[in-house]
Amino acid sequence: MSPLTVLRTALLSLGANKLRSSLTLLGIVIGVAAVISLMSIGRGVQRTITASIQALGTNLLFVRPGAASQGGVFGGLGSASTLTLDDAYALVDTVYVPSVSAVAPELRATGQVVAGGKNTRTQIIGVTPEYQFVRNVPVASGQFITWGHIENTSQVVVLGSRVSSTLFGFRDPVGQSVRINGRLFTIIGVLKSMGGGAQGLFDDQVLVPITTTYYRLASQRTSQGGVTVQTVNVQVRSADDMDNAVQEIATALRLRHRITGDDDFNVSSQEETIETLEKTTNTLVVFLGAIASISLLVGGIGIMNIMLVSVTERTREIGIRKAMGAKRRDILLQFISEATLLSLGGGGAGVLLGLVLSRLMNGRSLGGQTFQTAFSSDIAVLALVVSAVIGLFFGIYPAFRAARLHPIEALRYE
Amino acid sequence: MGKVEVPALQGVSRIIKEGEMLAIMGPSGSGKSTLMNIIGCLDVPTSGRYSLAGEEVGRLGDDRLAEIRNRKIGFVFQTYNLLHRLTALGNVELPLLYGNGHNGRRRALEALERVGLGHRAHHRPAELSGGEQQRVGIARALVKNPSILLADEPTGNLDSRSSYEIIAILQRLNQKEGLTVIIVTHEADIDEQVREPRQATSVGAAKEQGR
């Protein structure tokens, strides 16, 4: 049989039972549309996350205590187990670390911020003045932390925008006081609202001088004296100097810590963070796709079911065709083509529906976050291929049963 | 269906010549259908031989049998066995789909004209009378120019007038075109009808001694 004849015969058979065929088709349509839209949502999330991290600036490095290979901060015996403020500022050295333009160490603590009758639990980040431009956190009103505050261990605080609105509503809180873990702090500034994305985290945090965090709020101190830091944000002169900067920072810190064996710190870049996150979010995308695939599977079972019914109903037709000289292969082909046509047709319609759905969802607000979807043609192609394979897979058994029928018995079937 | 072996067609031996027209008669259960299935290459004998145009059919595989059915045998059934979704023309085209058929549409139309149904080509079986449906069945059997036309109780579902027409068509095909026609029937008058015009020649009924 020529391919055209096969196609025409299949279409004719499916057309004979329009309602049944379209319901079966619907199963696949829903499955494919679910796969497409859920995967576009996943991709959208992935893109949002990546974009928000890229917004932080790409020429940023992070130095953290602890070896890259181990999680704990306890390095080798006798070596410094943590990074200190002095380590951080040792990285601003035109001789040893010429690629670095600025550093902004930070030390985090959590605490209860209380103002009047209201309170909120937030992250308290101990920072230095450089933090403002290294991490790009503009102040909406008031001022940022100064070196004077650092030296005096001043109890001053810059509030994130949402912390400010939680505690003070729309009033400007600059000049007022709050209690953080029971200590009285004067508010010197409020950060600009950053909206969604990674930068938006600052909305829910408060900034204090790093020395204040260390002496007044944090619980652990280093054995060697000096202020401990958790992360040193390092601004590199240009994106081209990233590799050099990593080398220079490592050399400088190894010298300072007198390290001969394993490092007690690690340097990571924005790119690495993005890569790690992409890996994680890829899992999310695949997971979403897998969940949606279940409905595709159910659709496939629907095809098999309907094909089995169809084979039984058309036993006589199969007998007639066989008497007219149809070989096993011809009958097999006829039923497989019907199943594949169902699943491919459903797949095509599903791709369109999925495309429409993901377009509709794009830009919608969901729980305060703007929803972004990313439809991509590779997902569409994948979904089409998968649906064709499903048609083949679930069509093959019924078709085989049809092909195997004995012509005489099939002709006698009522 | 038990596994008990029922011997059928024991001791039946017959040579059917090209251009012959004969009726196979016998009461139901006598093995007419079994013989029919074997002649039509739908089934192969468990033992014994059946050769068609010099070819031993009993040893052939399914696909080869399908090929022979397609090229050498034309079936006409008691219940017509037309596909209801297809038009008369579509039904006649059916055997042409399986095999290398060129000009399918034209050949199918010609076959319909040979049974006098050219004007009904685009009607579906449901829109045709029983006699007309059976003529579509005959056209379908003719379309590949088979060596044998095999009719299984072709008039079993028809009134006497249509029956007469159908038999007349079969006779005409046999006499004018030299087609070998084998009819299975239990109606004695068809036997008479078949016997009558070519009494003196080779036409005869193979009375079976089945069982």
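In this text, all values refer to a predicted model and were calculated from it rather than measured experimentally.

Colleague: Talk me through the overall build of chain A; I want residue IDs and the actual numbers.
Modeller: Helix and strand counts for chain A come out as 13 helices and 14 strands. The C-alpha radius of gyration of chain A comes to 33 Å, more than 25% above the 22 Å expected for a compact globule of 414 residues. Referenced to the eigenvectors of the C-alpha coordinate spread, the extents of chain A come out at roughly 100 × 55 × 35 Å. Within chain A, the proportion of its 414 residues that are buried is 48%.

Colleague: Quick one: what's the story with the pairing of strand S8 (residues 183–191) of chain A, residue by residue and with numbers?
Modeller: Residues and elements named next belong to chain A. In terms of strand pairing, strand S5 (residues 139–142) meets S8 through three bridges, oriented antiparallel. The residue of S8 that forms the bridge with Ser141 is Val190. Bridging between strand S7 (residues 177–180) and S8 involves four bridges; their strand directions are antiparallel. For Val178, the partnering residue across the bridge sits in S8 and is Phe185. Counted along the chain from S7 to the antiparallel partner S8, the turn is two residues long, and its residue Asn181 has a positive phi close to 50 degrees.

Colleague: Describe the interface of chain A and chain B, listing the residues and the values that go with them.
Modeller: Counting residues at the interface gives 25 residues for chain A, matched by 23 residues for chain B. In total, about 2,200 Å² of surface goes out of reach between chain A and chain B, with carbon and sulfur atoms giving 60% of it. Across the contact surface, chain A and chain B share three salt bridges. For Arg85 of chain B, the salt bridge goes to Glu317 of chain A, with nearest N and O atoms at 3.2 Å. Applying the counting criterion to the chain A and chain B interface returns nine residue pairs in polar contact (both at pLDDT 80 or more). With six residues, the top contributor of residues to the side of chain A that touches chain B is helix H10 (residues 315–323) of chain A.

Colleague: Which residues make up the domain arrangement of chain A, and what values do they have?
Modeller: In terms of domain boundaries, chain A breaks down into domain 1 (3–53 + 275–412) and domain 2 (67–263). The centre of domain 1 of chain A, based on its C-alpha atoms, is set 53 Å off from the matching centre of domain 2 of chain A.

Colleague: Any chance you could break down the pattern of salt bridges for me, citing the residues and the numbers?
Modeller: Considering all chains together, one arrives at 24 salt bridges over all chains under this definition. Taking the shortest distance from any N to any O, the salt bridge between Arg162 of chain A and Asp203 of chain A comes out at 4.0 Å. Of this pair, Arg162 of chain A sits in helix H6 (residues 161–168) while Asp203 of chain A sits in the loop between S8 and strand S9 (205–209), placing them 41 residues apart in sequence. A single salt-bridge network, built from bridges that share partners, covers Arg314, Glu317, Arg321 and Glu338 of chain A together with Arg85 of chain B.

Colleague: So what's going on with the environment of Gly302 of chain A? Residues and values would help.
Modeller: Residues and elements named next belong to chain A. Structurally, Gly302 can be placed in helix H9 (residues 270–313). Residue classification places Gly302 among the partly exposed residues on the basis of a relative accessible area of 28%. Each C-alpha atom of the pair Gly302 and Ala410 lies 25 Å from the other, and the pair is 108 residues apart in sequence.

Colleague: Tell me about the environment of Leu344 of chain A, and please be specific about residues and values.
Modeller: Residue and element names in this part refer to chain A. Tracing the backbone through its elements, the reader meets Leu344 in helix H11 (residues 328–361). The exposure class assigned to Leu344 is partly exposed, which follows from its relative accessible area of 38%. Distance from Leu344 to Gln112, taken between C-alpha atoms, is 58 Å for residues 232 residues apart in sequence. Those residues in contact with Leu344, other than ones at most four positions away along the chain, are Leu384 and Ala388.

Colleague: Mind laying out the packing of aromatic side chains, listing which residues take part and the relevant values?
Modeller: Residue and element names in this part refer to chain A. Counting across every chain of the model gives five aromatic pairs over all chains. Ring centres of Tyr131 and Phe202 lie 6.1 Å apart, and the angle between their planes is 80 degrees; this geometry places the pair in the edge-to-face category. With Tyr131 in helix H4 (residues 131–134) and Phe202 in the loop between S8 and S9, the pair connects residues that are 71 residues apart, well separated along the chain. Exposure remark for Phe202: the relative accessible area of 4% places this residue in the buried category.

Colleague: Account for a negative patch on the surface, naming residues and giving values.
Modeller: Residues and elements named next belong to chain A. Negative charge collects at one region of the surface, where Glu271, Glu272, Glu275 and Glu278 lie side by side. Secondary-structure assignment places Glu271 in helix H9. For Glu271, a relative accessible area of 40% puts it in the partly exposed group.

Colleague: Describe the packing of helix H1 (residues 3–16) of chain A against H11 of chain A, with residues and values.
Modeller: All names here are of chain A. Packing of H1 against H11 leaves a shortest axis separation of 9 Å and a crossing angle of 65 degrees. Taken together, the axes of H1 and H11 lie roughly perpendicular to each other. As H1 packs across H11, the resulting crossing turns out to be right-handed. Contact residues: H1 offers Val6, Leu7, Thr9, Ala10, Leu11, Ser13 and Leu14, while H11 offers Leu333, Gln334, Ser337, Glu338, Leu341 and Leu342. Looking at side-chain class alone, the contact of H1 with H11 contains eight nonpolar, four polar and one charged residues.

Colleague: Give a description of the nonpolar core that names residues and reports values.
Modeller: Counting residues in hydrophobic clusters, the biggest one holds 59 residues, and the most contacted among them are Phe335 of chain A together with Tyr50, Leu52, Phe75 and Leu150 of chain B. Among the elements that take part in this core, helix H12 (residues 377–404) of chain A stands out by supplying eight residues, more than any other. Beyond its immediate chain neighbours, meaning those up to four positions away, Tyr50 of chain B contacts Ile38, Ile39, Cys41, Glu55, Glu56, Val57, Gly58 and Ile148 of chain B. Counting 46 residues, the second largest nonpolar core, distinct from the first, contains Val97, Ile145, Val234 and Ala252 of chain A.

Colleague: Got a sec to walk through the pairing of strand S6 (residues 180–185) of chain B? Specific residues and values, please.
Modeller: Residue and element names in this part refer to chain B. Among the six residues in S6, six count as buried, and that is most of the element. Residues Thr180, Ile182 and Val184 point to one face of S6 and Val181, Ile183 and Thr185 to the other, with burial holding for every one of them. Here five bridges tie strand S1 (residues 21–25) to S6, and the two strands are oriented parallel to one another. Bridging across to S6, Leu22 finds its partner in Ile182. Examined bridge by bridge, strand S5 (residues 148–152) and S6 share five bridges and lie parallel to one another. Note on S6: the bridge partner recorded for Leu149 is Val181. Between S5 and its parallel partner S6, the chain crosses via helix H6 (residues 160–177), and the hand of that crossover is right-handed.

So, how was this worked out
Residues numbered from 1 in each chain as written. Chains lettered and ligands numbered in written order. Predicted model: local features only at pLDDT ≥ 70, side-chain atom pairs only at ≥ 80, totals over all residues. Heavy atoms only, no water. Helix = DSSP H or I, 4+ residues; strand = E, 2+ residues; numbered from the N terminus. Rg over C-alpha atoms; globule rule 2.2 N^0.38 Å. Buried < 20%, exposed > 50% of the residue type's maximum accessible area, 1.4 Å probe, protein only. Pairing = 2+ DSSP bridges. Contact = heavy atoms within 4.5 Å. Buried area = accessible area lost by both parts, 1.4 Å probe. Salt bridge = Lys/Arg side-chain N within 4 Å of Asp/Glu carboxyl O. Polar contact = N/O pair within 3.5 Å; in protein donor to acceptor, adjacent residues only side chain to side chain. Domains from an automatic or database assignment. Phe/Tyr/Trp six-rings, centres within 6.5 Å; stacked < 30°, edge-to-face > 60°. Patch = residues over 30% accessible without salt bridge, like charges linked within 9 Å, V, L, I, M, F, W, Y side chains within 5 Å. Areas by Shrake-Rupley, 256 points an atom, 1.4 Å probe, with all protein chains shown as cover. Lys, Arg positive; Asp, Glu negative; His and termini not counted. Charge placed at Lys NZ, Arg CZ, Asp CG, Glu CD. Axes fitted to C-alpha atoms, helices over the stretch in contact; angles between N-to-C directions. Parallel < 35°, antiparallel > 145°, perpendicular 65-115°, else oblique. Left-handed = near helix turned anticlockwise from the far one by under 90°. Nonpolar A, V, L, I, M, F, W, Y, C, P; charged D, E, K, R; others polar. Core = buried A, V, L, I, M, F, W, Y, C linked by side-chain atoms within 4.5 Å. Right-handed = clockwise from strand over helix to strand, strands pointing away.

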